[in-house]
Amino acid sequence: MRFTLSRKSRGPLALIIASILAPATGTALAQDQAEPISQQAFVECKARLEQQAIEAGVSQATASQVMAKVEHLDRVIELDRRQPEFTTTFADYLNRRVNEARVSKGREMLAEHRDLLQRVTDETGVPAPYLVAFWGLETNFGSYFGKMSVPSALTTLACDARRSTFFTRQLIAALRIIDEGAIPADQMEGSWAGAMGHVQFMPTVFLQHAVDADGDGRRDLWNSLPDAMMSAGKFLQSMGWDGDYRWGREVLLPDNFDYNLADGRRLALTEWRNMGITDAFGNALSRADIKAKLVVPAGHQGPAFLVYDNFRVIMGWNRSEFYAIAVGHLADRVAGAGKLQNPPPEDAPALSRDDIMELQEALTDRGFDTGKPDGILGPATRSAIRKFQAASGMVADGYPGQAVLARLNVSTGN
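Our subject in this report is the structure included herewith.

About the cut-offs
- Residues numbered from 1 in each chain as written.
- Predicted model: local features only at pLDDT ≥ 70, side-chain atom pairs only at ≥ 80, totals over all residues.
- Heavy atoms only, no water.
- Phe/Tyr/Trp six-rings, centres within 6.5 Å; stacked < 30°, edge-to-face > 60°.
- Helix = DSSP H or I, 4+ residues; strand = E, 2+ residues; numbered from the N terminus.
- Buried < 20%, exposed > 50% of the residue type's maximum accessible area, 1.4 Å probe, protein only.
- Lys NZ or Arg CZ within 6 Å of the ring centre and 35° of its normal.
- Axes fitted to C-alpha atoms, helices over the stretch in contact; angles between N-to-C directions.
- Parallel < 35°, antiparallel > 145°, perpendicular 65-115°, else oblique.
- Left-handed = near helix turned anticlockwise from the far one by under 90°.
- Contact = heavy atoms within 4.5 Å.
- Nonpolar A, V, L, I, M, F, W, Y, C, P; charged D, E, K, R; others polar.
- Core = buried A, V, L, I, M, F, W, Y, C linked by side-chain atoms within 4.5 Å.
- Expected span 1.5 Å × (residues − 1).
- Arc of directions from axis to C-beta.

### Side note on the packing of aromatic side chains
Working step 1: Evaluated as defined, the whole model comprises 15 aromatic pairs.
Working step 2: Between W247 and F305 the ring centres are 5.8 Å apart and the planes differ by 45°, which places this aromatic pair in the tilted class. Of this pair, W247 sits in the loop between α13 (225-238) and β3 (248-252) while F305 sits in strand β7 (residues 304-307); the two residues are 58 residues apart in sequence, bridging distant segments of the chain. Here W247 and F305 have matching classes, each one buried.
Working step 3: An aromatic cluster of at least three residues, connected via ring pairs, comprises F134, F201, F235, W317 and Y323.
Working step 4: The ring of Y93 carries the charged tip of R97 above its face, separated from the ring centre by 3.7 Å.

Quick look at the structure:
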């Protein structure tokens, strides 16, 4: 049975994560240099937020008691302002997240919680290895949830002008979670941005998708693994997880393959087969009608993947192709599969935002338009790289490898 992932259902958690991690621009950039909020201004802000929460349906007792103990967390503002200097290469990203220790622990958790995970699979269609993979990537199987007070962290961010509206919504949602009795306020700990529990749900996602799976009357994603795993399964189910198919697979591409086909287009598996693509061991692909997209995260020298609709569902959790591949590959490894047949090269350059801006400017100067230079390696920049590579007699994979950087005289800072 196929499914269609509508715009409405795509990525509520991914949209939240994108809002949290989006780089500062425009007025927000100016606010990065702003003076810290004064104690009096923070007190006044807390009072406004408390009233907003009450007006939104939070009980006055909960709103007053929680907000009275909220503190401004300077560390949260520091982490919110920090932008990564360098991009992470695919090899570094994957090797840090899918390593032998995590695979071994994942297999152990799969066996230990087999009955629970099977129940979640029966109710949601999400296979156990994927549930374990999300759990492993989000909190290393529950070993670290974050140590920040969620009410204080969210209040700190809601009182900061940069993204006040977004974090005000999250704070009110967190107060509603406390109000319903899911967890006491002093035990509501999580990440600096408010992600919580075994599967790191933001408060608004918690309200919409968390469930009470152990029947104790509470939706507890911190202390109840049944609640956490079933909530993860329900969330993925809500985004259209199709239990009939896997996430995707590693494949081998034929010599002289046209990498322009790795531009996001979705073709039937039989069409990819007819182009000479095989599975990672050289075996012919199925002639199934299932649609697949080709992803080449490290250029032509790295692994290639054909990914299916469930890959898009994974990206609804976190809108990163690296993350989605890591989830899929970890799930495969937990289920017993081996390492990638073609691991990513470990000598790929880690580019800073300044490096990428220099690359964008160099491409545009040579007539390969990337749009306004922004330091982000997005679709327009990758398209420009492909065109430049094709014009230069290089493999047009859209990847900014050392050869491309050298040809464009872009010197990296790493």
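### Overview of the packing of helix α7 (residues 100-112) against helix α16 (residues 321-334)
To characterise two packed helices, one gives the angle between the axes of the helices and the distance between these axes.
Working step 1: Following both chains from N to C, one finds α7 and α16 inclined at 60°, their axes separated by 9 Å at the closest point. By the angle between their directions, the pair α7 and α16 is classed as oblique. In this structure, the crossing between α7 and α16 has a hand that is right-handed. The segment α7 lies against α16, with E100, R102, V103, G106, R107 and L110 engaging L330, R333 and V334.
Working step 2: Residues of the contact of α7 with α16, tallied by class, amount to four nonpolar, one polar and four charged.

### Observations regarding the nonpolar core
Working step 1: Ranked by internal contacts, the top residues of the largest apolar core, which has 95 residues, are M188, F206, M229 and W317.
Working step 2: Among the elements that line this core, the one with the most residues is helix α11 (residues 164-179), at nine residues.
Working step 3: The contact partners of M188, leaving out residues within four places of it in the chain, are M148, S149, V150, P151, A174, I177, I178, I183, M196 and W222.
Working step 4: Counting 17 residues, the second-largest nonpolar core is a separate cluster that includes L261, L269, I290 and V296.

### Observations regarding helix α3 (residues 39-55)
Working step 1: With 17 residues, α3 should cover 24 Å at 1.5 Å per step; its first-to-last C-alpha distance of 25 Å lies within 8% of that length.
Working step 2: Along α3, the residues classified as buried are F42, C45, K46, L49 and A53. One face of α3 carries all of its buried residues, which in axial projection span an arc of 105°. Of the exposed residues in α3, those oriented more than 90 degrees away from the buried face are Q40 and E55.
Working step 3: On the buried face of α3, the contacting elements are α4 (60-69), α10 (150-158) and α11.

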